[in-house]
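Architecture and fold: a report
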Amino acid sequence: MAAAAPPFPALAAAALLLVVLLCLSGGGGVCNAQTPVFACDASNATVAAYGFCNRSATAAARAADLVSRLTLAEKVGFLVDKQAALPRLGIPAYEWWSEALHGVSYVGPGTRFSPLVPGATSFPQPILTAASFNVTLFRAIGEVVSNEARAMHNVGLAGLTFWSPNINIFRDPRWGRGQETPGEDPLLTSKYAVGYVTGLQDAGAGAGGDALKVAACCKHYTAYDVDNWKGVERYTFNAVVSQQDLDDTFQPPFKSCVIDGNVASVMCSYNQVNGTPTCADKDLLSGVIRGDWKLNGYISSDCDSVDVLYNNQHYTKTPEDAAAISIKAGLDLNCGSFLAQHTVAAVQAGKLSESDVDRAITNNFITLMRLGFFDGDPRKLPFGSLGPSDVCTSSNQELARETARQGIVLLKNNGALPLSTKSIKSMAVIGPNANASFTMIGNYEGTPCKYTTPLQGLGANVATVYQPGCTNVGCSGNSLQLDAATKAAASADVTVLVVGADQSIERESFDRTSLLLPGQQPQLVSAVANASTGPCILVIMSGGPFDISFAKSSDKIAAILWVGYPGEAGGAAIADVLFGYHNPSGRLPVTWYPESFTKIPMTDMRMRPDASTGYPGRTYRFYTGDTVYAFGDGLSYTSFAHHLASAPPAHVALQLAEGHACLTEKCVSVEAEGGHCESLAFDVHLRVRNAGDVGGAHTVFLFSSPPAVHNAPAKHLLGFEKVALAPGQAGVVAFKVDVCRDLSVVDELGNRKVALGSHTLHVGDLKHTINLRV
């Protein structure tokens, strides 16, 4: 993108006061230019009299009034992210593009840091946050991020529209952007989306039912998970997806985000789906998002994706055709300048009507009205008192540390953990990520409040000796420093190896081709483990999974942890877990595959296995091959026992309407909607007991294995709850299972059906079978 324009100047507090003082003192060009400071300035009688400034009117009525006052040339300026000021109507400039994937980010031009606000709380990447399986935490993070975003907005450093979260399914372990997502499971991803979006957007009970604190955006819609794999780029990739896989795997998080999260925006992706660019697909945009799901907000393109569908995909013959087809499909906002350049010509050529443009900008204006953009002085509005002192607070930073602690996954432990500061006099801290700082915050980052590296976190507990082992995570042969690393390990009471990846290995526009640790990292790990005289602890810092079979099976490696990209406090959180100040409770949100999986083309979008060709399928729901670690794996320093406290019925009859075909014919399934679904639910109550001598949190997973019809998944997650228990303490976890919602599957045509026959519910080794019949 080109150099950023100044962010939305609806300035409050110090920045607004400075503008006012300049005006009062003669102000020079500041006031002579008559650029509005904020929209609907009550001190300007002309502006205040406009219908779109009438706060007692509905947002729709206000937007209609504003649209009626615009020329076509002015209207198209509101179709793009960088909107120039319109002084004649008292409207300031606005930049739509801000990011908040795991904290306020400087990636979008709508947000920046300055001496006034030099940094913001940087939480772990979503893949690690999701590993906490804590829905309360998802929302709490969103609330903190929106507080900091509003605080920055009030001093002119941020916008109000944040294009986060990324809720694509982490379908393939090589995907460079998997780190940005909540993982491979549609239910977990849906719950993350709803929690985080609600935390970002909820303006509170006193703000009005439709008001927004900030506007979130669920992206990238849809079936987007190939960036650049062996030369296949996202800009030209055509995702060939069956209707069954689309509705069963890729769409559910977006559906939940819109319907349950009431998200203000959905962003269409670069790729095509079955031959049509998503930003030009009327069925996907107008049909599904706005029609079926009733989006209350606007649809944005990914940045320059309208340009991409014309110049890279050659989907239309002319740029005017590209503008027309995307707007008519339901696109409201173009990240980029394409629609500003070509929409007028499209209207003049009769390819597009001006009413189509009106519809699009109306959706955009209504969103800004819900945010208070057209409500005058922001100091007099909700959240107007937030400022720099509300960013990087001690409680916000502690939440970042707690999130990392809850997400860290203990994958192996032969009894070496937790470590004791009383018995350890020296620790060797080794590896290319052992003193990582910037690496810990991943991509779509902002400037963090501060860093605590692994070396710093561990060193705060015991005396440490540090050796990088490799100069970087690429760990090429000439960067390997084995002698110093092995010498340090041989002389220490315990060794902690911190290896893995960074953005040079996995990132946007860069997918992996291997699942092995990069370069000579396996040799470093093995050499250091063999040289260690005390326990050797392996810590993997990465977004995506690795094949670490050699370490899993090695007697020389006492314990393994996966720590994702753990955010600004990652080093402190790692130390908290290793020394037992926090009992690990994270669980893997993705399957860890063996290196042999890389024989499967990343571009094969099929979720389900095909035994005739040896295709193994993808994700825990369908994959039939060997795993290194499975979805949901994770250990604790204690043990938990499950007991079925309240068993659901063994047989459930669906009362079909008179004349239903399945009353006389043999059916394998019935529709998951209709009268037979009403009040068809049961409770599952599980008694969970901490059977060990250490307090800790435990995630209870309720899975179902449906009958083998419609190529149903081998098992799928129905629900999860996290419970904290003291040693010996027991608690009850309750799940309400709605038969038509939870025990249904998607058939080959994309229709949701209730499979008839035996459904096995399982929690760990505990199983219970329910027979559904008519």
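For clarity, every value in this text was computed on a predicted model and none was experimentally measured.

Here we come to the side chain of Ser-146. Relative to the elements of secondary structure, Ser-146 occurs in helix H7 (residues 135–153). A polar atom in the side chain of Ser-146 sits 2.9 Å from the side chain of Lys-213.

Let us now look at the state of the cysteines. According to the stated counting rule, one finds 8 disulfides in the structure shown. The residue that forms a disulfide with Cys-218 is Cys-257, at a sulfur-sulfur distance of 1.8 Å. Classification of the bridge connecting Cys-218 and Cys-257 rests on its S-S torsion, roughly 65°, and on that basis the disulfide is right-handed. Remark: Cys-257 occurs in helix H10 (residues 252–259) and Cys-218 occurs in strand E3 (residues 218–221); sequence separation between them is 39 residues. The exposure classification of Cys-218 matches that of Cys-257, with both residues buried. Here Cys-268 connects covalently by a disulfide to Cys-279, the sulfurs 2.0 Å from one another. Linking Cys-268 and Cys-279, the disulfide has an S-S dihedral of approximately 105° and is accordingly described as right-handed. One end of the pair, Cys-268, is in strand E7 (residues 265–268); the other, Cys-279, is in the loop between strand E9 (276–277) and helix H11 (283–292), with 11 residues separating them in the sequence. Across the pair, Cys-279 and Cys-268 agree in class, each one buried. This cysteine, Cys-217, is not joined by any disulfide, and Cys-218 carries the nearest cysteine sulfur, 6.9 Å off. The buried category is assigned to Cys-217, whose relative accessible area is 0%.

The strand order across the open sheet built from 3 strands is E17-E20-E23, with neighbouring strands paired in antiparallel fashion. The two strands at the open ends of the sheet, each matched to only one other strand, are strand E17 (640–646) and strand E23 (730–738). Going across the sheet, the axis of each strand differs from the next one's by a mean of 30°, ignoring polarity. Direction of pairing for E17 relative to strand E20 (residues 681–690): antiparallel, over a ladder of 6 bridges. Paired with Ser-646 across the bridge in E20 is His-685.

With that settled, consider the pattern of salt bridges. Close approach of charged atoms allows side chains of opposite charge to pair. Evaluation of the coordinates by the stated rule reveals 33 salt bridges. Glu-398 is paired through a salt bridge with Arg-405; the nearest N and O atoms lie 2.7 Å apart. We classify Glu-398 as partly exposed; its relative accessible area is 37%. Here Arg-405 falls in the buried class, since its relative accessible area comes to 11%.

A cluster of nonpolar side chains, Tyr-106, Val-107 and Phe-438, forms an exposed patch at the surface whose accessible area comes to about 250 Å². If you trace the backbone, Phe-438 turns up in the loop between strand E12 (427–430) and helix H17 (454–459). The partly exposed category is assigned to Phe-438, whose relative accessible area is 43%.

On to the environment of Ser-164, then. With respect to the helices, strands and loops of the structure, Ser-164 is situated in the loop between H7 and helix H8 (186–201). Spatially, the C-alpha atoms of Ser-164 and Met-267 are 9.4 Å apart, while their sequence positions differ by 103 residues. Aside from chain neighbours lying at most four places away, what touches Ser-164 is Glu-99, Ala-100, Leu-101, Leu-200, Ala-216 and Cys-217. A polar atom in the side chain of Ser-164 sits 3.1 Å from the backbone nitrogen of Leu-101.

Okay, the UniProt feature "domain: Fibronectin type III-like" (unreviewed entry) in the protein next. The residues that UniProt annotates with the feature "domain: Fibronectin type III-like" (unreviewed entry) are residues 698–767. For the annotated span residues 698–767, helix accounts for 6% and strand for 61% of the residues, and the straight-line distance between the end C-alpha atoms is 19 Å.

What counts and how
Residues numbered from 1 in each chain as written. Predicted model: local features only at pLDDT ≥ 70, side-chain atom pairs only at ≥ 80, totals over all residues. Heavy atoms only, no water. Helix = DSSP H or I, 4+ residues; strand = E, 2+ residues; numbered from the N terminus. Polar contact = N/O pair within 3.5 Å; in protein donor to acceptor, adjacent residues only side chain to side chain. Disulfide = S-S within 2.5 Å. Buried < 20%, exposed > 50% of the residue type's maximum accessible area, 1.4 Å probe, protein only. Pairing = 2+ DSSP bridges. Axes fitted to C-alpha atoms, helices over the stretch in contact; angles between N-to-C directions. Salt bridge = Lys/Arg side-chain N within 4 Å of Asp/Glu carboxyl O. Patch = residues over 30% accessible without salt bridge, like charges linked within 9 Å, V, L, I, M, F, W, Y side chains within 5 Å. Areas by Shrake-Rupley, 256 points an atom, 1.4 Å probe, with all protein chains shown as cover. Contact = heavy atoms within 4.5 Å. UniProt positions renumbered as here; feature names shortened; annotations may be inferred.

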